[in-house]
2 protein chains.
Amino acid sequence: MPAPEKTTLDQIVTAARDLVEQLGIDDLTMQAVATRVGVRAPSLYKRVRDRNELLALVVASTIDALASQLDATLDDPDPRTRIRTQADGLRRFAHERPVGYALLFGAHGAPRGEPAALARSVTPLLDAVRELTGDEHALDGARLVTAWANGFITMELAGSLRMGGDIDEAWNWGLTRIIATLEPH
Amino acid sequence: MPAPEKTTLDQIVTAARDLVEQLGIDDLTMQAVATRVGVRAPSLYKRVRDRNELLALVVASTIDALASQLDATLDDPDPRTRIRTQADGLRRFAHERPVGYALLFGAHGAPRGEPAALARSVTPLLDAVRELTGDEHALDGARLVTAWANGFITMELAGSLRMGGDIDEAWNWGLTRIIATLEPH
DNA sequence: CATGAAGGCTACGATAATTAGCCATCGACG
DNA sequence: CGTCGATGGCTAATTATCGTAGCCTTCATG
């Protein structure tokens, strides 16, 4: 290669991911990222088209991290347990990287991740749900679970749930109900 | 009064609300708002501390609009019907002002609305849920409904639900299940 | 050892937010 | 009536950022 590279795309994305988590998405400047990886801001444009592409890469990277974390789900024979594990894992992830999580789901005009990666992160859940609902409503059921979990977590992170009461209990109560309603009866 | 006012705070907030809906939150400039109300940008600062305060006012205004729309709920005797009406109303609102809705719930570091106004918008739902779950789990139940609805709508707006299937059907299927699981059994 | 592509850098240009400081208006008051 | 001063608007200037232009250095290759 031509000249010594002082950084890599990976380093840049990682730095951006960390900074987004620290500063919030609005205060993430190219300056800050550049300093973090040891170059001047304009040099970033040799690796990334613009700030939006960088954010898209951060999103993609975050999706990957999420999918990896959810993949590591133990193979419990009870689909209810697996669903619960998935949901809890999602929530834990959100608590660990609230900004990144918000970036993934719903947040403003955030660059959406590719369907493929997103689909991958949902597969285990879909399979577990299918065991309860049967093929016909597997997709509906998975949507029910993810919508609820995502909504709950989003509101929790945004502070919209502060009306008193124990939030963990509300989570568990809701999750139990959601799972219960998936089973045929 | 001193000098002829060329605009009012109300006009400014309304203009900002409309522009946010048209351009998205990131492209809302003080310039654009100023032009819309017929003054120069710096004059806005006579009414508003800064852009963030303006956004906060937009959020507050949007919450009010939402609360008003939800207040207009008919007094159906069946709490299930009322819950359904509330949820459908929320979704309709979100479709009418997607950006404003995203701003309200979860979106980025969005300025959160005052608890009071938000509480007001949830009261009718809370009452309806209480009739099904009883006092003890009224709050949990309301959270279950709002979390699911909000999550569903957020994902719908973000385009995260495009995995096939009819979205309206998924909404109705989910809503039915949610309501069903609130009733004691 | 010449060379040219890759990657870094400085210097700029453009756009927005926000501030500083000046000017005009009109109701209250002598 | 004529003056005063608070209010609201305006222009000019400042600060930050993104992104671009164009130059310079390095080193794998022939």
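Note that residues are indexed from 1 along each chain, following the sequence as it is written. In the order they appear in the text, chains get letters beginning with A and ligands get numbers beginning with 1. Reporting in this predicted model follows two pLDDT cut-offs: at least 70 for local features of residues, and 80 or more for side-chain atom pairs to be given and counted; totals over whole chains, interfaces and linings ignore these cut-offs and use all residues. Excluded from the side-chain calculations are hydrogens and water; all other atoms, namely the structure's heavy atoms, are used.

### Here we look at the relation of the copies chain B and chain A
One copy of the chain maps onto the other through a rotation about an axis plus a displacement along that axis.
Step number 1: Copies overlap after least-squares fitting; the atoms used are the C-alpha atoms of residues with pLDDT of at least 70 in both. Structural alignment of chain B on chain A gives an RMSD of 0.1 Å, achieved by rotating through 179° and translating 0.0 Å along the axis. Taken together, these values place the two copies in the relation of a two-fold axis.
Step number 2: Contacts are residue-level and defined by heavy atoms, with any inter-residue pair within 4.5 Å sufficient. Interface residue correspondence from chain B to chain A reaches 100%, placing this contact among same-surface, isologous pairings.

### Quick word on the packing of helix H1 (residues 9–23) of chain B against helix H2 (residues 30–37) of chain B
A pair of packed helices can be characterised by two numbers: the angle between their axes and the separation between those axes.
Residue and element names in this part refer to chain B.
Step number 1: Simply put, an axis is a line fit to the C-alpha atoms, just over the touching stretch for a helix, and the angle between two N-to-C directions goes from 0 to 180 degrees. By definition, any uninterrupted DSSP run of H or I lasting at least four residues is a helix, any uninterrupted run of E lasting at least two residues is a strand, and each is numbered from the N terminus. Packing of H1 against H2 brings their axes to within 9 Å, and their N-to-C directions diverge by 125°. Of the possible angle classes, the one that applies to H1 and H2 is oblique. Where H1 crosses over H2, the handedness of that crossing is right-handed. Along the contact surface, H1 presents Gln11, Ile12, Ala15, Ala16, Asp18, Leu19 and Gln22, while H2 presents Ala32, Val33, Arg36 and Val37.
Step number 2: All residues other than Ala, Val, Leu, Ile, Met, Phe, Trp, Tyr, Cys, Pro, Asp, Glu, Lys and Arg, Gly among them, are scored as polar; the first ten of these are nonpolar and the last four charged. When the residues that make up the contact of H1 with H2 are grouped by side-chain class, the tally is seven nonpolar, two polar and two charged. For classification, angles of less than 35 degrees are called roughly parallel, those exceeding 145 degrees roughly antiparallel, those between 65 and 115 degrees roughly perpendicular, and all remaining angles oblique. In this scheme the handedness of a crossing depends on how the near helix is turned from the far one: anticlockwise by less than a right angle means left-handed, clockwise means right-handed.

### Quick look at the pattern of salt bridges
Residues and elements named next belong to chain A.
Step number 1: The rule for a salt bridge is simple: a side-chain nitrogen of Lys or Arg has to be within 4 Å of a carboxyl oxygen of Asp or Glu. Applying the stated criterion across every chain yields a total of 16 salt bridges over all chains.
Step number 2: Here glutamate 156 ties to arginine 91 by a salt bridge, and the two come within 2.9 Å at their closest N and O atoms. A residue pair is termed long-range when its members are at least 10 positions apart, and glutamate 156 in helix H8 (residues 138–158) and arginine 91 in helix H5 (residues 79–96) qualify at 65 residues.
Step number 3: A relative accessible area of 15% places glutamate 156 in the buried class.
Step number 4: When the shortest N-O distance is used, the salt bridge between aspartate 135 and arginine 130 registers 2.9 Å.
Step number 5: The cut-offs for exposure are 20% and 50% of the maximum accessible area for each residue type, with area from a 1.4 Å probe on protein chains only; residues under the lower value are buried, those over the upper are exposed, and the others partly exposed. Since its relative accessible area comes to 32%, arginine 130 is described here as partly exposed.

### A short note on helix H4 (residues 51–71) of chain B
Step number 1: Expected helix span is taken as 1.5 Å per residue step, with the number of steps being one fewer than the number of residues. With 21 residues, H4 of chain B ought to run about 30 Å at 1.5 Å a step, and its terminal C-alpha atoms sit 30 Å apart, in line with that.
Step number 2: If you check which residues of H4 of chain B are buried, you get Leu54, Leu55, Val58, Val59, Ser61, Thr62, Ile63, Ala65, Leu66, Ala67 and Leu70 of chain B.

### Let's talk about the domain arrangement of chain A
The extent of an interface is frequently quoted as the accessible surface area lost upon association of the parts.
Residue and element names in this part refer to chain A.
Step number 1: Here chain A is described as being made up of domain 1 (1–48) and domain 2 (58–182).
Step number 2: Residue ranges labeled as domains rest on an automatic or database domain assignment. One C-alpha centre belongs to domain 1, the other to domain 2, and the line joining them spans 30 Å.
Step number 3: With seven residues of domain 1 at the contact, the number on the domain 2 side is nine residues.
Step number 4: Here the buried area means the combined drop in accessible surface, using a 1.4 Å probe, for two parts upon being joined, counting both sides. Taken together, the two surfaces of domain 1 and domain 2 that pack against each other cover about 710 Å², and 67% of this comes from carbon and sulfur.

### Some thoughts on the packing of aromatic side chains
Residues and elements named next belong to chain B.
Step number 1: Two aromatic rings, drawn from Phe, Tyr or Trp (for Trp, its six-membered ring), form a pair once their centres lie within 6.5 Å of each other, and the interplanar angle then sorts them: stacked below 30 degrees, edge-to-face above 60, tilted otherwise. Using the criterion set out here, one finds six aromatic pairs over all chains in the structure.
Step number 2: Arranged with centres 5.6 Å apart and planes meeting at 50°, the rings of tryptophan 148 and phenylalanine 152 form a pair that is tilted. A residue pair is termed a helical-turn pair when its members lie 3 or 4 positions apart in one helix, as tryptophan 148 and phenylalanine 152 do in helix H8 (residues 138–158) at four residues. Note on accessibility: tryptophan 148 and phenylalanine 152 belong to one class, buried.

### Digging into the packing of helix H5 (residues 79–96) of chain B against helix H9 (residues 167–182) of chain B
Residue and element names in this part refer to chain B.
Step number 1: Following both chains from N to C, one finds H5 and H9 inclined at 145°, their axes separated by 11 Å at the closest point. In the packing of H5 onto H9, the handedness of the crossing is right-handed. Note on element contacts: H9 touches H5 through Ile167, Asp168, Trp171, Asn172, Leu175, Thr176, Ile179 and Leu182, opposite Arg80, Ile83, Arg84, Ala87, Asp88 and Arg91.
Step number 2: In the contact of H5 with H9, the residues fall into seven nonpolar, two polar and five charged.

### Thoughts on the interface of chain B and chain A
Step number 1: Each partner contributes residues to the interface: chain B has 35 residues there, and chain A has 36 residues.
Step number 2: Of the roughly 3,500 Å² buried between chain B and chain A on both sides combined, carbon and sulfur atoms contribute 66%.
Step number 3: Linking chain B with chain A are zero salt bridges, by the criterion used here.
Step number 4: Of all the elements, H8 of chain B adds the most residues to the side of chain B that touches chain A, at 14 residues.
Step number 5: Its residues assigned to classes, the side of chain B that touches chain A comprises 15 nonpolar, 13 polar and seven charged.

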